[in-house]
Amino acid sequence: KERHKIKVVKCLLDEDTIDPRLLRRLAASGLVTPQLRKRVWPMLLGISHGATRDYEGCKHGLEPFPVCRDADQVEKDVVRSLWRLVSKRDLEGARQQLTDLLNWALDKDSGFNYYQGLHDIASVLLVQVSEVTAAPLLLRLMHCHLREYL
C-alpha cells in the first residue's frame, strides 16, 4: 500500500501541471517518506524555491540571526526538545538550528508571540525537510494556520 502511494505521488509530481486538490487528498493520509514530504509540503503551502533566500542570508553570515522578544522561553523549550528525533551526536547542532529557526520566524512579524508547542511544530519541519526549507514553511504556517495562537 505504501509503495503504491509513493508511486502515485511521484507520478503526480512528475506531471507538467499538478492537481493541488489531488495532492492534498494524498497528503491527508500521510506522505510516506521524508523525500516526499520535502517535495510536497512546500507545494501544499505555496512556497516557491526563492522563499529561502532571507533565511539563507542569516545562515551564511550575510545577516545576523535575530533574537525575538520571547527568546528566553524559546531557549527553555528547545533545551527539552529533539531528543527523540535526532541522534545524541547531532542533538546540540539540531537544537541550535531550532533556536535560530524559531527566533528568525518570530522576529518576522511583531504580532507573533511564542507559545509553548511551537517548537514541536518547528522540530518536525526541521527534521523532515532541512533547516533552510523549514524556515519559509514555518513562517507560512504561522501566518495562515497558527496565527490565532501566536
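Structure: above.
One structure accompanies this document, and this report is about it.

Calculation notes
- Residues numbered from 1 in each chain as written.
- Predicted model: local features only at pLDDT ≥ 70, side-chain atom pairs only at ≥ 80, totals over all residues.
- Heavy atoms only, no water.
- Helix = DSSP H or I, 4+ residues; strand = E, 2+ residues; numbered from the N terminus.
- Rg over C-alpha atoms; globule rule 2.2 N^0.38 Å.
- Buried < 20%, exposed > 50% of the residue type's maximum accessible area, 1.4 Å probe, protein only.
- Contact = heavy atoms within 4.5 Å.
- Areas by Shrake-Rupley, 256 points an atom, 1.4 Å probe, with all protein chains shown as cover.
- Lys, Arg positive; Asp, Glu negative; His and termini not counted.
- Charge placed at Lys NZ, Arg CZ, Asp CG, Glu CD.
- Axes fitted to C-alpha atoms, helices over the stretch in contact; angles between N-to-C directions.
- Left-handed = near helix turned anticlockwise from the far one by under 90°.
- Nonpolar A, V, L, I, M, F, W, Y, C, P; charged D, E, K, R; others polar.
- Expected span 1.5 Å × (residues − 1).
- Arc of directions from axis to C-beta.
- Patch = residues over 30% accessible without salt bridge, like charges linked within 9 Å, V, L, I, M, F, W, Y side chains within 5 Å.
- Salt bridge = Lys/Arg side-chain N within 4 Å of Asp/Glu carboxyl O.
- Polar contact = N/O pair within 3.5 Å; in protein donor to acceptor, adjacent residues only side chain to side chain.

## A few points about the overall build of the chain
Line of reasoning, step 1. When helices and strands are counted, the chain shows eight helices and zero strands.
Line of reasoning, step 2. The N-to-C order of helical and strand elements in the chain reads α-α-α-α-α-α-α-α.
Line of reasoning, step 3. For 150 residues, the compact-globule formula gives about 15 Å, and the C-alpha radius of gyration of the chain, at 16 Å, lands near that figure.
Line of reasoning, step 4. Counting only C-alpha atoms and orienting by the principal axes, one finds that the chain spans roughly 45 × 30 × 30 Å.
Line of reasoning, step 5. In the chain, which comprises 150 residues, the share counted as buried stands at 42%.
Line of reasoning, step 6. Residue pairs at least 24 apart in sequence account for 66% of intrachain contacts in the chain once pairs closer than 6 positions are excluded.
Line of reasoning, step 7. Of the accessible surface of the chain, which amounts to about 9,200 Å², a share of 51% is contributed by carbon and sulfur atoms.
Line of reasoning, step 8. Counting 23 positive and 20 negative side-chain charges, the chain places the centres of these two groups 8 Å from one another.

## Details of the packing of helix α7 (residues 118-129) against helix α8 (residues 131-144)
Line of reasoning, step 1. Running from amino to carboxyl end, α7 crosses α8 at an angle of 145°, the nearest separation of the two axes being 8 Å. Handedness of the α7/α8 crossing: right-handed. Note on element contacts: α8 touches α7 through E131, T133, A134, L137, L138, L141 and M142, opposite L118, I121, A122, L125, L126 and V129.
Line of reasoning, step 2. Here the residues of the contact of α7 with α8 sort into 11 nonpolar, one polar and one charged.

## Describing helix α1 (residues 2-14)
Line of reasoning, step 1. Here α1 spans 18 Å end to end across 13 residues, near enough to the 18 Å set by a 1.5 Å rise per residue.
Line of reasoning, step 2. Among the residues making up α1, those that are buried are K5, I6, V9, L12 and L13. Relative to the axis of α1, the buried residues are bounded by an arc of 130° and lie together on one face. Of the exposed residues in α1, the ones pointing more than 90 degrees away from its buried face are R3, H4, K7 and D14.
Line of reasoning, step 3. Residues of α1 that are buried sit in contact with α2 (20-28) and α3 (34-44).

## Notes on a negative patch on the surface
Line of reasoning, step 1. On the surface, D14, E15, D16 and D19 cluster together to form a negatively charged patch.
Line of reasoning, step 2. Here D19 is to be found in the loop between α1 and α2.
Line of reasoning, step 3. Looking at D19, the relative accessible area reads 30%, which means it is partly exposed.

## Here's the deal with α2
Residues spaced three or four apart along an α-helix point in a common direction, a consequence of the helix completing one turn every 3.6 residues.
Line of reasoning, step 1. Among the residues of α2, those classed as buried are L23, L26 and A27. Along the long axis of α2, the arc covered by the buried residues comes to 95°, so they all point the same way. Within α2, the exposed residues directed more than 90 degrees away from the buried face are R21, R25 and A28.
Line of reasoning, step 2. Lining the buried residues of α2 we find α1 and α3.
Line of reasoning, step 3. Residue D19 occupies the N-cap position of α2, its side-chain oxygen lying 3.1 Å from the main-chain nitrogen of R21.
Line of reasoning, step 4. Where α2 terminates, the next one or two residues include G30, which has phi positive at roughly 105°.

Functional significance is not addressed by these values, which are geometric in nature.
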